[in-house]
Amino acid sequence: MRDERGANMKRKRHILAFFLAVCMVCTNLSVQAAGALDLYAVWKVRVALDAGEGVFAGGVTEEEKALAASGVSTGSFEVNTQSRYSTGLSAKRDGYGFVEWNTKPDGSGTELSEYGLVTGPVTFYAVYYQTDFPCIQDVQVFKAPRTAMYQIQCWGASGGMDQRSVGNVYGGSGGYCAGLLALNEGDVLYVYTGGAGGDETGVGNPVMWGGYNGGGSGPLSGGSSGGGGGATDVRLVGGSWDNPEGLVSRLIVAAGGGGGGSTSAAYSGDAGGLTGSTSRGNNGTVIVAGATQTAAGPLGGFGYGGSSPYAGGGGGGGYYGGGATAQTDMSGSGGSSYISGYTGCEARDDYVLTDTVMIAGSGANMPSWSGGVLSNGVRGDGYCRIVQYNG
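Residues numbered from 1 in each chain as written. Predicted model: local features only at pLDDT ≥ 70, side-chain atom pairs only at ≥ 80, totals over all residues. Heavy atoms only, no water.

**Q** Got a sec to walk through the nonpolar core? Specific residues and values, please.
**A** Core analysis: the largest hydrophobic core is formed by 31 residues, its most contacted members being Phe142, Ile152, Leu189, Val234, Ile252 and Ile386. Where this core is concerned, the elements lending two or more residues are strand 10 (122-130), strand 13 (148-155), strand 14 (176-183), strand 15 (188-192), strand 17 (250-254), strand 21 (338-339) and strand 25 (383-388). Dropping the residues within four chain positions of it, Ile386 is found in contact with Tyr129, Gln130, Thr131, Phe133, Phe142, Tyr150, Gln151, Ile152, Leu189, Val191 and Val234. Ranked by size, the runner-up nonpolar core spans 19 residues in total, among them Val45, Ala51, Ala68 and Val122. (Core = buried A, V, L, I, M, F, W, Y, C linked by side-chain atoms within 4.5 Å. Buried < 20%, exposed > 50% of the residue type's maximum accessible area, 1.4 Å probe, protein only. Helix = DSSP H or I, 4+ residues; strand = E, 2+ residues; numbered from the N terminus. Contact = heavy atoms within 4.5 Å.)

Dropping the structure here:
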């Protein structure tokens, strides 16, 4: 009898130990009938998120919100196997927009929304698309990550200034253009961000080169004045900035300002609007006419500002470029801006922008790419931003 009681106690201890071991990995208990208890193991795995060069943003659950607030780029969550995982987290990265979570960092894997059941540990990576395009003196490429509406914003560059002893004469300010454009996933646009015109510093008589993307040069021989500012544009055909096929394919152009002349009587022409500002002396006399929608200023052309043959400032780049003059030490005029779909511009047959905005370099309350407003137009290099528009 004593041996039988000992054996029963031993069996009970084994059953209890098994019960405790199972409970360590079980989360669900199901009673199927009175007096009978079935235990089911529910296995857990970890799903990791990797924001790469960005950090987490958003979040729905308290755990997700805390992770986003911490400013980190990696984290993981415990989930049940054979379940679908979703998250309220996105990611943010300077100069880029968030597209999706994907099993491959380059987006060539499986999207989280299409992943299916989680059966083991897995990492999802943030996939981004470039939204911001500063001036790098070369063409840049935008590829639409989704079929959607996109907002395009362009800021033209300012003309260079003259800093000689007669007093500083600032170049004309760059302009601003914006609009909405419908794109399909995979559509490619080419971005040309204007560079500021070269400043004359009073050291010798060097050529003051015009800014990237169409700014006219300052004096090509003798004298000294600033170079014209380059335009910022988005087009359908790439290549060099002055590629004729590319210039014809432009969808939106924010013009550059004219270069400053080396006399205190000179006032540089700001970028257009539909028409670039003329450059003037302090007595109001027109020195150089600005560009229009159908013609460039003197010595300028389609897509480029005029270069002064002697001692004058260069014309600003634009749809049509601003003008330059051989008159000693006088400033260049502004280029004209353009948006396909804007009133006063010739619309293209294939791509037309909506909700368009055009602000001349002389205009007030121009939005800034860094936040706030530009009260005196663009000073320095231009900028471009293309973001998916959500209304």
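What follows picks up the thread again.
**Q** Describe the pattern of salt bridges, with residues and values.
**A** Taken as a whole and judged by the stated rule, the model has six salt bridges. For Arg93, the salt bridge goes to Glu53, with nearest N and O atoms at 3.4 Å. Here Arg93, found in the loop between strand 7 (89-92) and strand 8 (96-102), pairs with Glu53, found in the loop between strand 3 (44-50) and strand 4 (55-58); they are 40 residues apart in sequence, far enough to count as distant. Arg93 sits in the partly exposed class, given a relative accessible area of 22%. Its relative accessible area of 66% is what places Glu53 among the exposed residues. (Salt bridge = Lys/Arg side-chain N within 4 Å of Asp/Glu carboxyl O.)

**Q** Before we move on, could you go through unusual backbone geometry and cite the residues and values that matter?
**A** Glycine aside, residues mostly have negative phi angles, and peptide bonds mostly take the trans form. Phi is positive for Gln82, which is not a glycine, with a value near 60 degrees. Inspection of the secondary structure assignment puts Gln82 in the loop between strand 5 (74-80) and strand 6 (83-84). Even without a glycine there, the phi angle at Gln137 is positive, about 65 degrees. Here Gln137 is to be found in the loop between strand 11 (132-134) and strand 12 (140-143).

**Q** Before we move on, can you summarise the packing of aromatic side chains with the specific residues and values?
**A** Here the structure, examined in full by the defined rule, presents 14 aromatic pairs. Judged by centre distance (5.1 Å) and plane angle (85 degrees), the ring pair of Tyr115 and Phe124 falls under edge-to-face. For Tyr115, a relative accessible area of 28% corresponds to the partly exposed category. Seen from their ring centres, Phe302 and Tyr319 are 5.3 Å apart, and the 75 degrees between their planes marks the pair as edge-to-face. You can see Phe302 sitting in the loop between strand 20 (286-288) and strand 21 and its partner Tyr319 sitting in the loop between strand 20 and strand 21, a full 17 residues away along the chain. Residue classification places Phe302 among the partly exposed residues on the basis of a relative accessible area of 27%. Taking relative accessible area as the criterion, Tyr319 reaches 13% and is therefore assigned buried. Each residue in the set Trp155, Tyr176, Trp369 and Tyr383 is aromatic and connected to the rest through ring pairs, giving one cluster. Its guanidinium or amino end placed over the ring of Tyr128, Arg93 lies 5.4 Å from that ring's centre, counting from NZ or CZ. Over the ring of Phe302 we find Arg250, and its NZ or CZ is 4.7 Å from the ring centre. (Phe/Tyr/Trp six-rings, centres within 6.5 Å; stacked < 30°, edge-to-face > 60°. Lys NZ or Arg CZ within 6 Å of the ring centre and 35° of its normal.)

**Q** I'd like a rundown of helix 2 (residues 62-69), residues and numbers included.
**A** Taken together, the buried positions of helix 2 are Glu64, Leu67 and Ala68. In a view along the axis of helix 2, the buried residues occupy a sector of 100 degrees, so they form one face of it. With respect to the buried face of helix 2, the exposed residues turned more than 90 degrees away are Glu62 and Ala69. Looking at the buried positions of helix 2, the neighbouring elements they touch are strand 4, strand 5 and strand 7. Backbone geometry just after helix 2 places Gly71 at a positive phi near 75 degrees. (Arc of directions from axis to C-beta.)

**Q** Describe in detail the side chain of Ser368, supporting the description with residues and values.
**A** In this structure, Ser368 sits in the loop between strand 23 (366-367) and strand 24 (373-374). Given the relative accessible area of 12%, Ser368 is considered buried. Setting aside its immediate chain neighbours within four residues, Ser368 contacts Trp155, Val373 and Leu374.

**Q** Account for the sheet that holds strand 21, naming residues and giving values.
**A** Sheet strands pair by backbone hydrogen bonding; their relative direction is either parallel or antiparallel. If you trace the five strands from one edge of the open sheet to the other, you get 12-15-16-17-21, paired in antiparallel fashion. Two strands in the sheet have a free side with no partner beyond their single neighbour: strand 12 and strand 21. Examined bridge by bridge, strand 16 (residues 232-235) and strand 17 share four bridges and lie antiparallel to one another. When the bridges of strand 17 are listed, Thr232 appears paired with Ala254. (Pairing = 2+ DSSP bridges.)

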